[in-house]
Amino acid sequence: MKKLLKLVCVLGLLAPALCARAEEGFTDMFNGKDLTGWEGSPDLWSVKDGAITGQTSKENPARENTFLIWKDGRPGDFEMRCSFRIAANNNTGFANSGVQFRSRVVKPSYWVVAGYQADMEAGRNYTGGLYEEKARGILASRGQKIRIHADGSKEVTGSLGSAEDLENDIHHGDWNDYVIIAKGNHIQQFINGKEMIDVVDEEADKAATTGVIALQLHAGEPMTVQFKDLRIKVSPSGKKIVFVAGPPSHGPGEHEYRAGCLLLQKCLREVPGVQTVVYSNGWPAEASAFEGADAVVLSMDGGSGHPALQDDHLEQLGRLMDSGAGLACIHYAVEPTKEKGEAEFLKWMGGAFEVNWSVNPTWLANFAALPDHPIARGVKPFQILDEWYFHMRFQPDMKGVTPILSAVAPASTMDRSDGPHEGNPPVRESVARGDLQVMAWAYERPGGGRGFGFTGAHYHKNWADENYRKTVLNALLWIAKVDVPAHGVESTVSDEDLQANLDAK
């Protein structure tokens, strides 16, 4: 039908508006003349006969798998269409290529990319399958409907037809139409109008939600691959929230940074207009990690070893804050050092833990009243045992700061001797007076950005509490400048969810 529509349009027998409507919302990725907008090895990639052409030979091989990278975006949800043909210029009859998407550049010097790949070959085994380059390998073979569970296990949930029957719809040595649709964690691929794979990827720390698009030229025997009619329709991806989870810390079930971030990501997955990315086990090495971030969430050890205080990381955050991005710090991450980071945290988040002023006892906090603030939408009074830090250092006169979770600390929180985290005369006086202590707060920066501090989450099991969890989920939307639903972010967390992604301790 698609070919017929094209033919009728060319013959002028159909109104031009209908032809335009058939590709409504799509943007051309290739001008048909040169590689403007693309980047790759000039020795291996060129334009021939109006098609992007990757070619190797015995005299000019690819040293390793290399890619032609599209430079005009890192789309998350999209539909991409193109035509391809591939030839094996060798005696083995094999050649392999693919379209990378939601991928990352891992070796810029040779244009090497890792991530999801819509597979194609000159042989008869892999075309149409979903592969993950330099990671999990084959995720779905042609004809499979697959669900990848949070623990990485794969379940075949259905069939799109036999691999052999679908193979009959692939034109070997000739042009084929490829369509890739990525929406949330759902990926579909079609060749010549036939659906080849359907994958739901729930392995949250490996299921990329955004990334580069690139075309593969495989190392090995000489081959040629060509692409034409490349176009893409990118769905509005909305606000981007980047989580950074620190390396393992403390005992089992405590300071579960990675598992906590992935759990929050899971709870936000169904919120319209929000995309999330989680970087685990420390500060992301990729220069593009925070690209387009509307909010950054830090969950990690604090003090002098705080990842945000190392190298140029404060400068990275500063540039984001200057652009209006939000910042949230969870538990130990609220503690920079007075010598480095505190001034920035006060500027960006409105408050911070300060040694010899703030304290970190474990106690049952009773949050009996909530403020009239978007973060508190749908949150009911609750009480919960945690290592609640309090007596934080805030902006002078609390300017711009709104307490979200406040409670009166019992005298038992002062049972420890004075120390940098244990106690000091000012906090003892405050507790003796019965002052309300602030454990979570919102901050509106003069420049328009937003911050949120949350001193709980020492115990991972506390994420099971709906009100505790909703407070943080609402806050993450708020700092990203997403409208918080009238009743807050609705989410469910099972025992299985709580056990997923825990660090080996």
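All residue numbers refer to positions counted from 1 along the written sequence of the respective chain. Per-residue local features are limited, in this predicted model, to residues with pLDDT of at least 70; the limit for side-chain atom pairs, both in listing and counting, is 80 or more; totals at the level of whole chains, interfaces and linings are taken over all residues. The basis for the side-chain values is all heavy atoms of the structure; hydrogens and waters are excluded.

Participant: Explanation requested: the overall build of the protein in the structure shown.
Facilitator: Under the DSSP-based scheme used, a helix requires at least four consecutive residues in state H or I and a strand at least two consecutive residues in state E, with every element numbered from the N terminus. Check the secondary structure of the protein and you find nine helices and 28 strands. Here the C-alpha coordinates of the protein stretch approximately 85 × 50 × 40 Å along the principal axes. Looking at the protein as a whole, 53% of its 505 residues are labelled buried. Residue pairs in contact within the protein that sit at least 24 positions apart in sequence constitute 70% of those at least 6 positions apart. Surface accessibility follows the Shrake-Rupley procedure with a 1.4 Å probe radius. Residue values consider only the protein chains on display as shielding. For the protein, the exposed surface amounts to about 21700 Å²; the carbon and sulfur share of it is 50%. Lys and Arg are tallied as positive, Asp and Glu as negative. Neither His nor the chain termini are counted. By convention, the point assigned to a charge is CZ for Arg, NZ for Lys, CD for Glu and CG for Asp. Positive and negative side-chain charges in the protein, numbering 51 and 66 respectively, have mean positions lying 5 Å apart. Only protein chains enter the calculation, and the probe is 1.4 Å; a residue is then buried if its accessible area is under 20% of its type maximum, exposed if over 50%, and partly exposed in between. Note on contacts: a residue pair is in contact if any heavy atoms of the two residues lie within 4.5 Å.

Participant: For this particular structure, what's the right way to read the sheet that holds strand β26 (residues 401-408)?
Facilitator: Strand pairing in a sheet relies on backbone hydrogen bonds. The paired strands run either parallel or antiparallel. In short, DSSP must find at least two bridges between two strands for them to pair. Judged by pairing direction, the sheet is mixed, and its seven strands sit side by side in the order β19-β18-β20-β21-β28-β27-β26 without closing on themselves. In the strand order of this sheet, the two ends are held by β19 (274-279) and β26, each with one partner. In this sheet, adjacent strand axes meet at a mean angle of 15° when their direction is disregarded. As judged from the five bridges shared by strand β27 (residues 436-444) and strand β28 (residues 450-454), these two strands associate in the antiparallel manner. Bridging across to β28, Ala 442 finds its partner in Phe 452. To get an axis, fit a line to the C-alpha atoms, keeping to the stretch in contact for a helix; angles then go from 0 to 180 degrees between the N-to-C directions. Helix-sheet contacts for helix α4 (residues 257-268) involve β18 (239-245), β19, β20 (295-299) and β21 (326-330), and the interaxial angle to β18 is about 160°. Where helix α8 (residues 466-479) meets the sheet, its contacts fall on β18, β19, β20, β21, β26, β27 and β28, and the angle it forms with β28 comes to roughly 160°.

Participant: Looking at this structure, I do not really get the confidence of the model for the protein. What am I missing?
Facilitator: A low pLDDT means the predicted coordinates there should not be read in detail. Summary statistics for the protein give a mean pLDDT of 92 and a share of 95% for residues scoring 70 or more. Confidence of the predictor at the level of single residues is given by pLDDT, which spans 0 to 100. Under a pLDDT of 50 for its full length, residues 1-22 has, in the predicted model, 11 contacts with residues more than four places off or in other chains.

Participant: What is the right way to read the pattern of salt bridges from this model?
Facilitator: Between side chains of opposite charge, a pair can form as their charged atoms come close. The rule for a salt bridge is simple: a side-chain nitrogen of Lys or Arg has to be within 4 Å of a carboxyl oxygen of Asp or Glu. In total, this model carries 21 salt bridges according to the counting rule given. A salt bridge links Glu 291 to Arg 74; the shortest N-O distance between them is 3.8 Å. Separated by 217 residues along the polypeptide, Glu 291 in the loop between β19 and β20 and Arg 74 in the loop between β5 (66-70) and β6 (78-88) bring together distant segments of the chain. For Glu 291, a relative accessible area of 44% puts it in the partly exposed group.

Participant: Teacher, can you tell me more about the packing of α4 against α8 here?
Facilitator: Packing of α4 against α8 leaves a shortest axis separation of 11 Å and a crossing angle of 70°. Here α4 lies roughly perpendicular to α8, going by the angle between them. Side by side, α4 and α8 meet where Leu 264, Cys 267 and Leu 268 of the first sit next to Arg 469, Val 472, Leu 473, Leu 476 and Leu 477 of the second. Note on terminology: angles under 35 degrees are roughly parallel, angles over 145 are roughly antiparallel, angles of 65 to 115 are roughly perpendicular, and the others are oblique.

Participant: Quick question: what am I supposed to make of the packing of aromatic side chains here?
Facilitator: Ring pairs are drawn from Phe, Tyr and Trp, using the six-membered ring of Trp, whenever the two centres fall within 6.5 Å, and their geometry is named by plane angle: stacked under 30 degrees, edge-to-face over 60, tilted for the rest. Taken as a whole and judged by the stated rule, the model has 16 aromatic pairs. Note on Trp 388 and Phe 454: the rings are 5.6 Å apart at their centroids and 75° apart in plane angle, and the pair reads as edge-to-face. Of the two residues, Trp 388 sits in the loop between β24 (382-387) and β25 (393-394) while Phe 454 sits in strand β28, which places them 66 residues apart along the sequence. Using a relative accessible area of 0% as the deciding quantity, one classes Trp 388 as buried.

Participant: Looking at this structure, how should I read the environment of Arg 416?
Facilitator: As for its placement among the helices and strands, Arg 416 is situated in the loop between β26 and α7 (425-433). Once the C-alpha coordinates of Arg 416 and Pro 361 are considered, the two residues, 55 residues apart in sequence, prove to be 8.7 Å apart. Within the local environment of Arg 416, its side chain forms a polar contact with the backbone oxygen of His 421, the two atoms lying 3.4 Å apart. Pairs of N or O atoms within 3.5 Å make up the polar contacts considered here, provided that, within protein, one atom can donate a hydrogen while the other can accept it, and that residues adjacent in sequence are counted only when both atoms are side-chain atoms.

Participant: Looking at this structure, I do not really get the nonpolar core. What am I missing?
Facilitator: Proteins that are soluble and globular tend to have nonpolar side chains buried together. In terms of nonpolar packing, the biggest core is built from 56 residues, with Ile 241, Phe 243, Trp 388, Phe 390, Phe 452, Phe 454 and Leu 476 touching the most fellow members. Take this core: its biggest share by element is eight residues, from α8. Not counting chain neighbours up to four residues away, the residues in contact with Phe 452 comprise Leu 327, Ala 328, Cys 329, Met 349, Ile 375, Ala 440, Trp 441, Thr 471, Val 472, Ala 475 and Ile 479. In these notes, a set of buried Ala, Val, Leu, Ile, Met, Phe, Trp, Tyr and Cys residues joined through side-chain atoms within 4.5 Å is what counts as a nonpolar core.

Participant: How do you make sense of the side chain of Arg 142 when you look at a structure like this?
Facilitator: Within the secondary structure, Arg 142 is located in the loop between β10 (137-140) and β11 (144-148). Among the polar contacts made by the side chain of Arg 142, one reaches the main-chain carbonyl oxygen of Arg 124 at a distance of 3.0 Å. The contacts of Arg 142, once residues within four sequence positions are left out, are Arg 124, Asn 125, Tyr 126, Thr 127, Gly 129, Ala 163, Leu 166, Glu 167, Ile 170, Met 196 and Ile 197.

Participant: Where do I start with the sheet that holds β5 in this structure?
Facilitator: Ordered by their spatial adjacency, seven strands build an open sheet running β2-β5-β16-β7-β8-β9-β10, and the pairing between neighbours is antiparallel. Both outer strands of the open sheet, β2 (38-39) and β10, are each paired with one neighbouring strand and no more. As paired strands, β5 and strand β16 (residues 212-217) are joined by four bridges and run antiparallel to one another. If you follow Phe 67 over to β16, its bridge partner there is Gln 216.

Participant: Could you clarify how one ought to interpret a nonpolar patch on the surface in this entry?
Facilitator: Residues qualify for a patch when their relative accessible area is over 30% and they have no salt bridge, like charges being joined within 9 Å and the nonpolar side chains of Val, Leu, Ile, Met, Phe, Trp and Tyr within 5 Å. A contiguous nonpolar surface patch, about 260 Å² in accessible area, is contributed by Phe 94, Tyr 126 and Ile 138. Here Phe 94 lies in the loop between β6 and β7 (96-107).

Participant: Honestly, α4 in this entry has me stumped. Any pointers?
Facilitator: Two residues of an α-helix separated by three or four positions point the same way, owing to the 3.6 residues in each turn. To estimate the expected span of a helix, subtract one from its residue number and multiply by 1.5 Å. Under the 1.5 Å per step criterion, the end-to-end length of α4 is 17 Å for 12 residues, consistent within 8% with the ideal 16 Å. Counted residue by residue, α4 has 11 buried out of 12 residues, so it is predominantly covered. Inspection of α4 places Tyr 257, Arg 258, Ala 259, Gly 260, Cys 261, Leu 262, Leu 263, Leu 264, Gln 265, Cys 267 and Leu 268 among the buried residues, and these make up the whole buried set. Buried residues along α4 sit against β18, β19, β20, β21, α8 and α9 (495-499).

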